[in-house]
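# Survey of secondary and tertiary structure
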Amino acid sequence: MFSFLKSSKVSTQTENDQKGSHRGLAIRWRDSLAASRAKLGTRLNTLFSSAPNNQDDLLDEIETVLLTSDVGVIATEQIMTRTKQVIKQKKISDNDEIKEIIKSVMLELLLPMQGQQLNLSEKPAVVLVAGVNGAGKTTTIGKLAAYLVAEGKSVFLAAGDTFRAAAEDQLKVWGERSNLVVISQEKGDSSAVIYDAIQSGLSKGADVVIADTAGRLATQKHLMEELKKVKRVMGKAMISAPHEVLLVVDANTGQNAIDQVKSFDEALELTGIILTKLDGSAKGGAVFGMAQYKPIPILFVGLGEKIDDLKPFDALEFVSAIFDS
Ligand SMILES: Nc1nc2c(ncn2[C@@H]2O[C@H](COP(=O)(O)OP(=O)(O)O)[C@@H](O)[C@H]2O)c(=O)[nH]1
Ligand SMILES: [Mg+2]
């Protein structure tokens, strides 16, 4: 069970809604949405616990909650269409059963994203880590390296964020925590540092080389070009590299997370996603939008800032956590 999706019940809302007419309930929900920081699960549960008798109204409300919880228009449409299909097929009228159907439809959407392991078949396995500023790249690399060390792997880190002096120091601190080799250069650009790290990994027999990069927005074309160059240069240091291209996404970015996945995938052909800060106030909905775009595996989720706050993504656990919060 993820603790990140646990939250207190919105009891006042529930009580008010129970007193209201269906129309009133619909309006109150919509009014409260803008101000609401409530998470997807809390909102769905509140809705079911005060569900209107009219099934169409209920389905309408569910759709609104999904749309405003960062699930995205297309994924919401997909979830609703499938749910309505099953309701019709099985002639469902009970609200509890509708809830179970929604759960299984949401799970169906996420299942293709789970279960993928980091590809470590090459030695070294070269991992490129990208994402926007502050997404949690460097922290995630620190956690991921510790995870791999615990599995007996030797890990080299490449300080490829050469934009800020502090970035290198931050990576070194993580390196010290797990006793890792951290490759950095006084003056080199990102490609040069990462090239150097891969060569070092090859000659010293590292199992994994993880490359940090500076944060950037997909709209910063020259920075995206630089990242493409980093990827090309990796292939020059080791023909099959990179073996993993991971995007670190802050779950709090909401719908924009889906755009990040699309743009970085177009530029780099992502092999995996790591979703960070699920311990915070993230609504969790954007994952469904990502799944709808393309089932790029979510390899790990970040559940805090500590070294062991990285867990493999489990779709059933994720969906259950949404509803059991
Ligand atoms: N609560 C929480 N904070 C995180 C998580 N991952 C990273 N952070 C924090 O997010 C901030 C930015 O992280 P950083 O790794 O520097 O991001 P980068 O710019 O992408 O390298 C730091 O304060 C991290 O401690 C997470 O899973 N949960
Ligand atoms: Mg960083």
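Everything quoted here is computed from the prediction, not taken from an experiment.

Assigned secondary structure in the protein consists of 13 helices and eight strands. Scored against the burial criterion, the 325 residues of the protein give a buried share of 45%. Here the analysis covers contacts within the protein between residues at least 6 apart in sequence; of these, 79% occur between residues at least 24 apart.

Strand order in the open sheet formed by eight strands is E3-E2-E4-E1-E5-E6-E7-E8, and the pairing between neighbours is mixed. Since the sheet does not close on itself, it has two edges, and those belong to strand E3 (181-183) and strand E8 (310-312), each with one partner. Ignoring which end each strand starts from, the neighbouring axes of this sheet average 25° apart. Bridge analysis of strand E1 (residues 125-130) against strand E5 (residues 244-250) gives four bridges, and the strand direction is parallel. Bridging across to E5, leucine 128 finds its partner in valine 245.

The next point concerns the nonpolar core. Core analysis: the largest hydrophobic core is formed by 88 residues, its most contacted members being Leu157, Ala158, Val209, Ile210 and Ile273. Summarising the domain contributions, this core has at least three residues from each of domain 1 (3-113) and domain 2 (125-314). Discounting chain neighbours no more than four positions away, the residues touching valine 209 are Pro124, Val126, Val127, Phe156, Ala158, Ala197, Ile198 and Gly201.

Here we take up the confidence of the model for the protein. Mean pLDDT over the protein: 85, with 86% of residues reaching 70 or higher. Low pLDDT, under 50, characterises residues 1-37; the stretch is placed with 51 contacts to residues that sit more than four places away or in other chains.

Time to look at helix H7 (residues 137-150). Between its first and last C-alpha, H7 extends 20 Å over 14 residues, near the 20 Å set by a 1.5 Å rise per residue. With 10 of 14 residues buried, H7 lies mostly within the body of the structure. Where H7 is concerned, the buried positions are Lys137, Thr138, Thr139, Thr140, Ile141, Gly142, Lys143, Leu144, Ala145 and Leu148. Positive backbone phi, approximately 90°, marks glycine 152, located one or two places after H7.

Near ligand 1 you find 19 residues, and of these Gly136, Lys137, Thr138, Thr139 and Gly302 are the closest. Element by element, the count of residues in the shell around ligand 1 is highest for H7, at three residues.

Because side chains alternate across strand E4 (residues 208-211), one face comprises the buried residues Val208 and Ile210, and the other comprises Val209 and Ala211, equally buried. Where strand E2 (residues 155-158) meets E4, four bridges bridge the pair, whose relative direction is parallel. Paired with alanine 158 across the bridge in E4 is alanine 211.

Attention shifts here to the environment of alanine 192. Along the polypeptide, alanine 192 turns up in helix H9 (residues 190-204). With 15 C-beta atoms packed within 10 Å, alanine 192 lands in the partly exposed category.

This part covers unusual backbone geometry. At the junction of lysine 123 and proline 124, the peptide bond is cis and its omega measures out at -5° in the coordinates. Relative to the helices and strands, proline 124 is located in the loop between helix H6 (95-110) and E1. Note that the residue after alanine 241, namely proline 242, is joined by a cis bond; omega there is -5°. Mapped onto the elements of the fold, proline 242 is located in the loop between helix H10 (221-237) and E5. Within the chain, lysine 277 stands out as a residue other than glycine whose phi angle is a positive 60°. Take lysine 277: it is sitting in the loop between strand E6 (272-276) and helix H12 (286-293). Judged by the 23 C-beta atoms lying within 10 Å of it, lysine 277 is buried.

On to the pairing of E2, then. Residues Val155 and Leu157 of E2 are buried on one face, and the alternating residues Phe156 and Ala158, pointing to the opposite face, are buried as well. With respect to chirality, the unit in which E2 leads through helix H8 (residues 165-177) into the neighbouring parallel E3 is right-handed.

A word on H12. Extensive coverage of H12 is indicated by the burial of six of its eight residues. The complete set of buried residues in H12 reads Ala286, Val287, Phe288, Gly289, Met290 and Ala291. In this structure, the buried side of H12 is in contact with helix H5 (73-90), H6, helix H11 (256-268) and E6.

For the pair helix H3 (residues 40-49) and helix H4 (residues 55-67), interaxial distance at closest approach is 10 Å and the crossing angle is 165°. Comparing their axes, H4 and H3 come out roughly antiparallel. The hand of the H3/H4 crossing is right-handed. Across from Arg43, Leu44 and Leu47 in H3, the residues of H4 making contact are Glu61, Ile62 and Val65. Here the residues of the contact of H3 with H4 sort into four nonpolar, no polar and two charged.

Here we take up the packing of H6 against H12. Across the interface, H6 lies against H12 with an axial gap of 9 Å and an inter-helix angle of 55°. Judged by the angle between their axes, H6 and H12 are oblique. Our pair here, H6 against H12, has a crossing hand that is left-handed. Taking contact as the criterion, the partners of Met106, Leu109 and Leu110 in H6 are, on H12, Val287, Phe288, Ala291 and Gln292. Looking at the contact of H6 with H12 residue by residue, the class counts come to six nonpolar, one polar and no charged.

Conventions and cut-offs
Residues numbered from 1 in each chain as written. Chains lettered and ligands numbered in written order. Predicted model: local features only at pLDDT ≥ 70, side-chain atom pairs only at ≥ 80, totals over all residues. Helix = DSSP H or I, 4+ residues; strand = E, 2+ residues; numbered from the N terminus. Buried ≥ 20, exposed ≤ 12 C-beta atoms within 10 Å, placed from the backbone. Contact = placed C-beta atoms within 7 Å. Pairing = 2+ DSSP bridges. Axes fitted to C-alpha atoms, helices over the stretch in contact; angles between N-to-C directions. Core = buried A, V, L, I, M, F, W, Y, C linked by C-beta atoms within 7 Å. Domains from an automatic or database assignment. pLDDT = per-residue confidence, 0-100. Expected span 1.5 Å × (residues − 1). Near = placed C-beta within 6 Å. Right-handed = clockwise from strand over helix to strand, strands pointing away. Parallel < 35°, antiparallel > 145°, perpendicular 65-115°, else oblique. Left-handed = near helix turned anticlockwise from the far one by under 90°. Nonpolar A, V, L, I, M, F, W, Y, C, P; charged D, E, K, R; others polar.

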